[in-house]
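A look at the structure
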Amino acid sequence: MPVIRSLSKVAKQALLSTPGCGCQPLTVAVRSISFSPRQVTSDASFHSVSFSETDHPKVLITGGLGQLGVGLAKLLRKRFGKNNVILSDIRKPSSNVYHSGPFIYSDILDYKNLREIVVNNRITWLVHYSALLSAVGEANVALARSVNITGLHNILDIAAEHGLRLFVPSTIGAFGPTSPRNPTPDLCVQRPRTIYGVSKVHAELMGEYYHHRYGLDFRCLRYPGIISADSMPGGGTTDYAVQIFHDAIKSGKFECNLKPDTRLPMMYIDDCLRATLEVMEAPADTLSMRTYNINAMSFTPEELSQELQKQMPELEVTYDVDPVRQAIADSWPMNFDDSNARRDWGWKHDYDLPELVQTMLNFFGAETRMARAN
Ligand SMILES: NC(=O)c1ccc[n+]([C@@H]2O[C@H](COP(=O)([O-])OP(=O)(O)OC[C@H]3O[C@@H](n4cnc5c(N)ncnc54)[C@H](O)[C@@H]3O)[C@@H](O)[C@H]2O)c1
Ligand SMILES: C[C@@H](O)[C@H](N)C(=O)O
């Protein structure tokens, strides 16, 4: 206890002596003083293992079997080698995923299990994807609170204790009806009305706090709605923009659960995953902030339908509005200001609406041709 008390004193002094805005990390980082939020003992030698000791980072992705994780694992494995990227989840992987590289069971609510994985595999980067998204979260608030908030606490402590570089995605959903919506800057009022949004603001603030307080290398991007062809979304408000492609190809009809003029920021998955890798690789001194908006395009269901109808004129779109999703969408940004990401670490998207639609249709066209050939 006396040790902890004197460390707290040092930390307090360091906090008070931080110049100006207090943006500089404390020099008494978790790793260097062997004191952490979970009180790891000072002889824990794994604290000295750092990223620079290895040629490549050793990456763990939590919640990796959702819409984004498998694609990210593929991209990171291409860059760092197949065995340096471990996918994890509480679900059973498909045979394809299981055979494409290391997969491990990990429940983020089980702190000891997480720690064992990090230690045994000498993990240096942690990409934390586990979450309940906006619509699913509203349907199960207690579980969303547990996974998105308690789970995040486990992740933060593990990352701080083991000197990991930590990526946690945030979302357009971290803003609310009182935020400026067109465009939404990085720094503004954030009063979201969903448990998902509340948990993501919490993640942003806790990550930044651990960064300043303990020197945790926390990096966070606020993703727009992500559109992908070969993975399905996990229960969000922007899901319609993926479903429309599946239904258009299958039946030529789509019933949209948002109003035709609901404008939301969106991004093609390749841009999102590349941004994630780029911010993780960015030199720390280029990051003037630890949480950035990233953006690519913004459209309404009507505009997306019209773009699709240029190639599929027979597509019929009708509307049956889901009041829960509509209320969420009406409280979210319409356009996202990502000028800080563009300035600091050179963020640049590749896909606008026409390229997105063409790429999605090419994917489904190729899939249909393959199915016919088999
Ligand atoms: N997809 C998007 O449009 C989007 C947009 C903004 C932010 N994000 C964020 O990106 C991350 C990944 O999103 P996604 O679309 O792949 O989500 P998803 O819902 O598709 O997948 C989440 C995964 O988390 C897993 N999970 C749930 N409880 C868990 C637990 N206790 N332990 C471990 N894993 C658990 C689920 O099994 C699931 O595979 C999330 O944090 C999400 O908030 C996604
Ligand atoms: C935007 C995002 O966080 C997610 N796709 C959702 O709609 O919940």
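Residues numbered from 1 in each chain as written. Chains lettered and ligands numbered in written order. Predicted model: local features only at pLDDT ≥ 70, side-chain atom pairs only at ≥ 80, totals over all residues. Heavy atoms only, no water.

We count it as follows: UniProt positions are given in the numbering used here, feature names are shortened, and annotations may be inferred rather than shown by experiment.
As annotated in an unreviewed UniProt entry, the protein chain carries the name L-threonine 3-dehydrogenase, mitochondrial and is attributed to Sphaeramia orbicularis. In its Sequence similarities (unreviewed entry) section, the UniProt record describing the protein chain reads: "Belongs to the NAD(P)-dependent epimerase/dehydratase family." The record held by UniProt for the protein chain lists under Catalytic activity (unreviewed entry) the comment "L-threonine + NAD(+) = (2S)-2-amino-3-oxobutanoate + NADH + H(+)".

A look at the site of ligand 1
Heads up, the rule is: Here a residue is near a molecule or strand as soon as one of its heavy atoms is found within 4 Å of it. What qualifies as a polar contact is a pair of N or O atoms within 3.5 Å, subject to a donor-acceptor requirement within protein and to the restriction that residues adjacent in sequence count only when both atoms come from side chains. Shrake-Rupley sampling with a 1.4 Å probe provides the accessible areas, and residues are treated as covered by the protein chains on show and by no other component. Secondary structure elements are taken from DSSP: a helix is a run of H or I of four residues or more, a strand is a run of E of two residues or more, and numbering for both begins at the N terminus. Following the grouping adopted for this structure description, the nonpolar residues are Ala, Val, Leu, Ile, Met, Phe, Trp, Tyr, Cys and Pro, the charged ones are Asp, Glu, Lys and Arg, and the polar ones are all others, Gly among them.
In the vicinity of ligand 1 there are 26 residues, among which Gln67, Asp89, Arg91, Tyr196 and Lys200 approach most closely. Here an oxygen atom of ligand 1 sits 3.4 Å away from a polar atom, N or O, in the main chain of Gly66. In the model, an oxygen atom of ligand 1 is placed 2.6 Å from a nitrogen or oxygen of the Tyr196 side chain. In the complex, 93% of the free accessible area of ligand 1, which totals 830 Å², lies under the protein chains. Among the elements of the structure, strand 6 (170-171), helix 8 (195-214) and strand 8 (225-227) are those that each provide at least two residues to the shell around ligand 1. Here the shell around ligand 1 is composed, by residue class, of 13 nonpolar, nine polar and four charged.

A word on the environment of Thr291
Defined as follows: When accessible area is computed with a 1.4 Å probe and restricted to protein chains, residues below 20% of their type maximum are described as buried, those above 50% as exposed, and intermediate ones as partly exposed. In this description, contact between two residues means that some pair of their heavy atoms is separated by no more than 4.5 Å.
Within the secondary structure, Thr291 sits in strand 11 (residues 291-293). For Thr291, a relative accessible area of 4% puts it in the buried group. Sequence separation between Thr291 and Glu204 is 87 residues; the distance between their C-alpha atoms is 6.7 Å. Look past the residues within four positions of Thr291 in its chain and what remains in contact with it is Asp186, Glu204, Glu208, Phe218, Cys220 and Arg222. Polar side-chain contacts of Thr291 include one of 2.6 Å to the side chain of Glu208.

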